[in-house]
Amino acid sequence: MAEHTQQLIELRRLTAEDAEPTTRFLQNLPEGDLTFLKEPADDDTVNRWIADDRTYQWSIFPGALWSSHVAELRLVVGEPFRRQGLGRRLARHGLAEALRLGLRKVMVEVVADKEGDIAMFEAIGFEAEALLRDQICDRDGNVHDLVLLSHEVETGASALEALGLAGAVGLGEAQ
């Protein structure tokens with residue numbers, strides 16, 4: 001039986017010192033993971049994320065105007081750290097950040113053939129809202145379906161329970 005150890009992970013805002021390693025990380029992502037970015041994996045994008053106080057907090061990208069109550073969650077976990085629960089933890093923290101920002105709904109887009117990613121998001125309360133056929137076109141010209149999932153961000157104790165964080169404030173057992 002394999003022994004599972006948890007690593008200590010520091011979650012913090014990006015700083016100027018993070019720019020080069022973050023760009024390198026993004027540029028080395030597998031093509032299927034690039035769908036989470038929606039922007040070029042380059043220095044300009046990373047520097048814009050670092051400079052923007054509201055965007056890129058826990059990978060939450062708030063909407064504007066009529067959609068200002070909705071945000072998009074974007075996260076990618078490096079291959080050596082996958083299947084260890086890190087994506088789930090980051091997604092939960094993204095939901096907590098959305099709650100802190102006063103947002104009502106969080107959306108995430110996942111390529112339809114990434115069934116494990118879809119299952120992870122559904123396990124923390126996201127629900128499929130739409131299937132967009134042939135929405136993504138990769139570098140080789142192959143098209144892929146895209147699944148839109150959403151999470152209605154709740155308030156108060158029920159939100160903490162939904163995020164699996166209730167134990168942190170004495171409201172129940174953390175998951």
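Refer to the structure above for everything that follows.
Residues numbered from 1 in each chain as written. Predicted model: local features only at pLDDT ≥ 70, side-chain atom pairs only at ≥ 80, totals over all residues. Heavy atoms only, no water.

Chemist: Help me out: how do you make sense of the nonpolar core in this one?
Modeler: Nonpolar side chains in soluble globular proteins generally cluster together in the buried interior. Counting 33 residues, the largest nonpolar core has Leu73, Val106, Phe121 and Phe126 as the members making the most contacts within it. Among the secondary structure elements, those contributing two or more residues to this core are helix 1 (19-27), helix 2 (43-51), strand 1 (60-62), strand 2 (70-73), helix 3 (86-100), strand 3 (105-111), helix 4 (115-123) and strand 5 (143-152). Of all the elements, helix 3 adds the most residues to this core, at 5 residues. Here Phe121 is in contact with Leu73, Ala91, Val108, Val110 and Phe126, once residues within four sequence places are set aside. Judged by nonpolar contacts, the second largest core, of 5 residues, contains Val70, Ile136, Leu146 and Leu148. (Core = buried A, V, L, I, M, F, W, Y, C linked by side-chain atoms within 4.5 Å. Buried < 20%, exposed > 50% of the residue type's maximum accessible area, 1.4 Å probe, protein only. Helix = DSSP H or I, 4+ residues; strand = E, 2+ residues; numbered from the N terminus. Contact = heavy atoms within 4.5 Å.)

Chemist: Would you mind going over the packing of aromatic side chains with me for this structure?
Modeler: Centre distance and the angle of the planes are the two values used to describe a pair of aromatic rings. The tally for this structure, following the rule as stated, stands at 1 aromatic pair. On the basis of an interplanar angle of 75° and a centroid distance of 5.3 Å, the ring pair of Phe121 and Phe126 is categorised as edge-to-face. (Phe/Tyr/Trp six-rings, centres within 6.5 Å; stacked < 30°, edge-to-face > 60°.)

Chemist: I tried to follow the pairing of strand 3 on my own but got confused; where do I start?
Modeler: Consecutive residues of a regular strand have side chains that alternate between opposite faces of the sheet. Buried residues dominate strand 3, accounting for 6 of its 7 residues. In terms of strand pairing, strand 2 meets strand 3 through 3 bridges, oriented parallel. Opposite Glu72, over in strand 3, you have Met107 as the bridge partner. As a crossover connection, the stretch from strand 2 through helix 3 into strand 3 is right-handed. Two strands pair when backbone bridges link them, and strand 3 and strand 5 are joined in this way by 7 bridges, in the antiparallel orientation. Pairing of Lys105 across the sheet is with Glu152, part of strand 5. (Pairing = 2+ DSSP bridges. Right-handed = clockwise from strand over helix to strand, strands pointing away.)

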